[in-house]
Amino acid sequence: MLVFPMSNDFLIRFSYVLLMGFGFPIMRYMSIHFETLNNNAVRFISGGLLFVFICVLKYRNELVKLLREPSIILYLLLLAAFMTGNMYFFINGLKYTSALAGSVFGIMSMPLAVIMAAIFFQDEREKVKQKSFYIGSILSLIGSLIFVIYGNKSGDSYDFITGSLFLGIAIFIQSIQNLFVKKISKKLNTIVISTSTAMLAGIFYLILASNTGVIYQLQDVSSGLLIGLIFAGMYGMLTGMLFAFYIVQKQGVVVFNIIQLTVPLSTTLIAYFTLGETISIYQGFGAVIVIVGCIISLRKKYNGN
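Calculation notes
- Residues numbered from 1 in each chain as written.
- Predicted model: local features only at pLDDT ≥ 70, side-chain atom pairs only at ≥ 80, totals over all residues.
- Heavy atoms only, no water.
- UniProt positions renumbered as here; feature names shortened; annotations may be inferred.
- Helix = DSSP H or I, 4+ residues; strand = E, 2+ residues; numbered from the N terminus.
- Buried < 20%, exposed > 50% of the residue type's maximum accessible area, 1.4 Å probe, protein only.
- Contact = heavy atoms within 4.5 Å.
- Areas by Shrake-Rupley, 256 points an atom, 1.4 Å probe, with all protein chains shown as cover.
- Core = buried A, V, L, I, M, F, W, Y, C linked by side-chain atoms within 4.5 Å.
- 1 Å grid on protein atoms, 1.4 Å probe; cavity = no way out; pocket = protein on both sides within 12 Å on 5 of 7 lines; lining within 4 Å.
- Points joined across faces, edges and corners; volume = space filled by probe spheres on them.
- Nonpolar A, V, L, I, M, F, W, Y, C, P; charged D, E, K, R; others polar.
- Axes fitted to C-alpha atoms, helices over the stretch in contact; angles between N-to-C directions.
- Left-handed = near helix turned anticlockwise from the far one by under 90°.
- Patch = residues over 30% accessible without salt bridge, like charges linked within 9 Å, V, L, I, M, F, W, Y side chains within 5 Å.
- Salt bridge = Lys/Arg side-chain N within 4 Å of Asp/Glu carboxyl O.
- Polar contact = N/O pair within 3.5 Å; in protein donor to acceptor, adjacent residues only side chain to side chain.
- Expected span 1.5 Å × (residues − 1).
- pLDDT = per-residue confidence, 0-100.

With an unreviewed UniProt entry as reference, the chain is termed Transporter, source organism Rodentibacter mrazii. Among the UniProt annotations of the chain, the heading Subcellular location (unreviewed entry) holds the following wording: "Cell membrane".

J.: Explanation requested: the overall build of the chain in the structure shown.
T.: Helix and strand counts for the chain stand at 12 helices and zero strands. Helices and strands in the chain line up, N terminus first, as α-α-α-α-α-α-α-α-α-α-α-α. Put simply, the chain has 305 residues, and 54% of those count as buried. At a minimum sequence separation of 6, the contacts of the chain that also span at least 24 residues come to 91%. Carbon and sulfur atoms make up 70% of the accessible area of the chain, which totals about 14200 Å².

J.: How do you make sense of the environment of Ile230 when you look at a structure like this?
T.: Structurally, Ile230 can be placed in helix H10 (residues 223-260). Taking relative accessible area as the criterion, Ile230 reaches 30% and is therefore assigned partly exposed. Taking the C-alpha atoms as reference points, Ile230 and Asn39, separated by 191 residues in sequence, lie 9.3 Å from one another. In contact with Ile230, not counting residues within four places along its chain, are Val42 and Ser46.

J.: Can you help me understand the nonpolar core in this one?
T.: Across soluble globular proteins, nonpolar side chains have a tendency to be buried as a group. If you look at the biggest cluster of nonpolar residues, it comprises 63 residues, and the most contacted ones within it are Tyr16, Phe44, Met87, Phe90, Ile184, Leu188 and Met241. Of all the elements, H10 adds the most residues to this core, at 11 residues. Residue contacts for Phe44: discarding those within four places in its chain leaves Met83, Met87, Ala198, Ala201, Gly202, Tyr205, Met237 and Met241. Core analysis: the next-biggest nonpolar cluster, separate from the first, contains eight residues, Phe34, Val42, Leu218 and Leu229 among them.

J.: I would appreciate a short explanation of empty space enclosed by the protein in the present structure.
T.: Where empty space is left becomes clear once a probe the size of a water molecule has been rolled over the atoms. Evaluation of the coordinates by the stated rule reveals one cavity of 30 Å³ or more. Estimates place the volume of the largest cavity at around 460 Å³. Lining the largest cavity are 34 residues, and of these Met20, Met27, Met87, Gln174 and Gly240 lie nearest its centre. Contributing elements (two or more residues each) for the lining of the largest cavity: helix H1 (9-33), helix H2 (36-58), helix H4 (71-96), helix H5 (99-120), helix H8 (157-184) and H10. Split into classes, the residues belonging to the lining of the largest cavity amount to 22 nonpolar, 11 polar and one charged.

J.: What should I look at first to understand the packing of H2 against helix H9 (residues 190-212) in this one?
T.: Geometry of a packed helix pair, given as the angle between the helix axes and the separation of the axes. Where H2 contacts H9, the two axes come as close as 7 Å, and the packing angle between them is 145°. Considering the relative orientation of H2 and H9, their crossing is left-handed. Its residues assigned to classes, the contact of H2 with H9 shows 19 nonpolar, seven polar and no charged.

J.: For this particular structure, what's the right way to read a nonpolar patch on the surface?
T.: On the surface, a cluster of nonpolar side chains totalling about 440 Å² of accessible area is made up of Leu11, Phe14, Leu18, Phe22 and Ile26. Summarising the element assignment, Phe14 is placed in helix H1. Looking at Phe14, the relative accessible area reads 48%, which means it is partly exposed.

J.: Teacher, can you tell me more about the side chain of Thr195 here?
T.: Tracing the chain through its elements places Thr195 in helix H9. At 2.7 Å, the side chain of Thr195 forms a polar contact with the backbone oxygen of Ile191. In contact with Thr195, other than residues within four places in its own chain, are Gly48, Phe51, Val52 and Cys55.

J.: Just checking my understanding: could you explain H2 for this structure?
T.: Spacing of three or four residues puts side chains on the same side of an α-helix, whose turn is 3.6 residues. End to end, H2 covers 33 Å across 23 residues, agreeing with the expected 33 Å (1.5 Å per residue, within 8%). The N-capping residue of H2, defined by a side-chain oxygen 2.7 Å from the backbone nitrogen of Leu37, is Glu35.

J.: Would you take a moment to explain the confidence of the model for the chain for this structure?
T.: Keep in mind that low pLDDT regions are not for reading the predicted coordinates in detail. Here the chain shows a mean pLDDT of 78. Residues at 70 or above account for 80%. Predicted confidence is poor over residues 1-7, with pLDDT under 50, and the contacts of this stretch with residues over four places away or in other chains come to 10 contacts. Within the model, the stretch residues 301-305 combines pLDDT values under 50 with eight contacts to residues more than four positions away or in other chains.

Written out as structure tokens, the structure is:
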């Protein structure tokens, strides 16, 4: 099985935050240079093939579980479908906003994710019974509205609002998606879940890109940029999927969401130096409110577990 020793939990969390800080600027950069369907098709398939190689090399026994319980395959197909929808809206959202906006909208999903998890899982249900959860959720909503309203004043505000809508849809889908991750992770190893999700989502995107004809746009892309997208896909799948699925599997939805709180901080610094992205004082104020609201809504639940 894929094992991360307990002594390395802090290192894994720190690595996830740091790597995702680089991940958002990379996704933002690629979203500008590639059509969304092509972008996700190449990213998911390249990352999925890396996972397949790892599974064949070290985790072949885990694949046998799929033959023993065919019903798991249905859950994996549904998970891949949600991942496909999630990343379609997310990449489009990044295209019209910024790397920081993507990371801020990511933590906005925390209260919603916990509520969705509480509906279906008993162990998460106790985490939404305190007033602090609702106070923090309201603060997060106010902060996100400030961030959106004052976003991208120097550019096309219509594009920013459109991108914000796409990001909002993406985080709603992600909240449902995490429920499937938690359910499936009780029966399958993280690497198998990541492999099947990446490959199936990649195939979905490849079919969509072929049917719409946008796949032929890849012929006009330089080989260097295409190779960069392939490696970006591997990087993104390892960090945004494998690490994330592992944390959800081993520590639950709430802990994963708390870790997400610090991602915008690393994203801001890295996007500033790599993409030259800046934010207004009002946007920074809104982002701080979002983070404080999420801390208030989730801190006590984390300490109590």
